[in-house]
Amino acid sequence: MNKTELIAQIAGKSGLSKKDAEKALSAVIDSVTEALVNGDKVMLVGFGSFEVKAREARMGRNPKTKEAIEIPASKAPVFKAGAALKNAVAK
């Protein structure tokens, strides 16, 4: 399912117009993104949680030249599914 299909499904289930559903989805995505940028954790009970995890610097290898390279430390967003979502998918 892509973003357009998701917007159409939200509109159908909520009774909103597609334009309003798109605004609502964009607002949710922007809010989650802003919270993660600020270092906050976003928890949606029953669905899951979004947070930022730090990755330490490590040594890697260039597969073409086999030369050792240092991969710098970074931050990455992660999603952990909640129990209700896990149970719904497992059925």
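Please refer to the structure placed before this passage.
To keep things clear, this report deals only with the structure shown in the data block.

Some thoughts on helix H2 (residues 18-37)
- End to end, H2 covers 28 Å across 20 residues, agreeing with the expected 28 Å (1.5 Å per residue, within 8%).
- Residues of H2 that are buried include every one of Ala21, Leu25, Val32, Ala35 and Leu36, and no others. Along H2, the residues classed as buried sweep out an arc of 105 degrees about the axis, all on the same side. Away from the buried face of H2 by more than 90 degrees, exposed residues Lys19, Lys23, Glu34 and Val37 are located.
- Packed against the buried residues of H2 are helix H1 (3-14), strand S1 (42-44), strand S2 (48-55) and strand S5 (74-81).
- In the segment just after H2, glycine 39 is the residue with positive phi, at about 85 degrees.

Notes on the pattern of salt bridges
- Across all of its chains, the model carries 1 salt bridge by this definition.
- For the salt bridge of glutamate 51 with lysine 41, the shortest nitrogen-to-oxygen distance reads 4.0 Å. Note that glutamate 51 is positioned in strand S2 and lysine 41 in the loop between H2 and S1, a separation of 10 residues in sequence.
- Of the residues examined, glutamate 51 reaches a relative accessible area of 23% and is grouped as partly exposed.

Quick word on the sheet that holds S5
- Read across the sheet, 3 strands follow the order S1-S2-S5 without closing on themselves; strand pairing throughout is antiparallel. Edge positions in the sheet fall to S1 and S5, since each has one partner strand and no second. Pairs of neighbouring strands in the sheet enclose a mean axial angle of 25 degrees, with direction left out of account.
- Relative to S5, S2 runs antiparallel, the two sharing 8 bridges. By the bridge assignment, serine 49 is partnered in S5 with lysine 80.
- Its contacts with the sheet put H2 on S1, S2 and S5, and the angle it makes with S2 is roughly 35 degrees.

Calculation notes
Residues numbered from 1 in each chain as written. Predicted model: local features only at pLDDT ≥ 70, side-chain atom pairs only at ≥ 80, totals over all residues. Heavy atoms only, no water. Helix = DSSP H or I, 4+ residues; strand = E, 2+ residues; numbered from the N terminus. Expected span 1.5 Å × (residues − 1). Buried < 20%, exposed > 50% of the residue type's maximum accessible area, 1.4 Å probe, protein only. Arc of directions from axis to C-beta. Contact = heavy atoms within 4.5 Å. Salt bridge = Lys/Arg side-chain N within 4 Å of Asp/Glu carboxyl O. Pairing = 2+ DSSP bridges. Axes fitted to C-alpha atoms, helices over the stretch in contact; angles between N-to-C directions.

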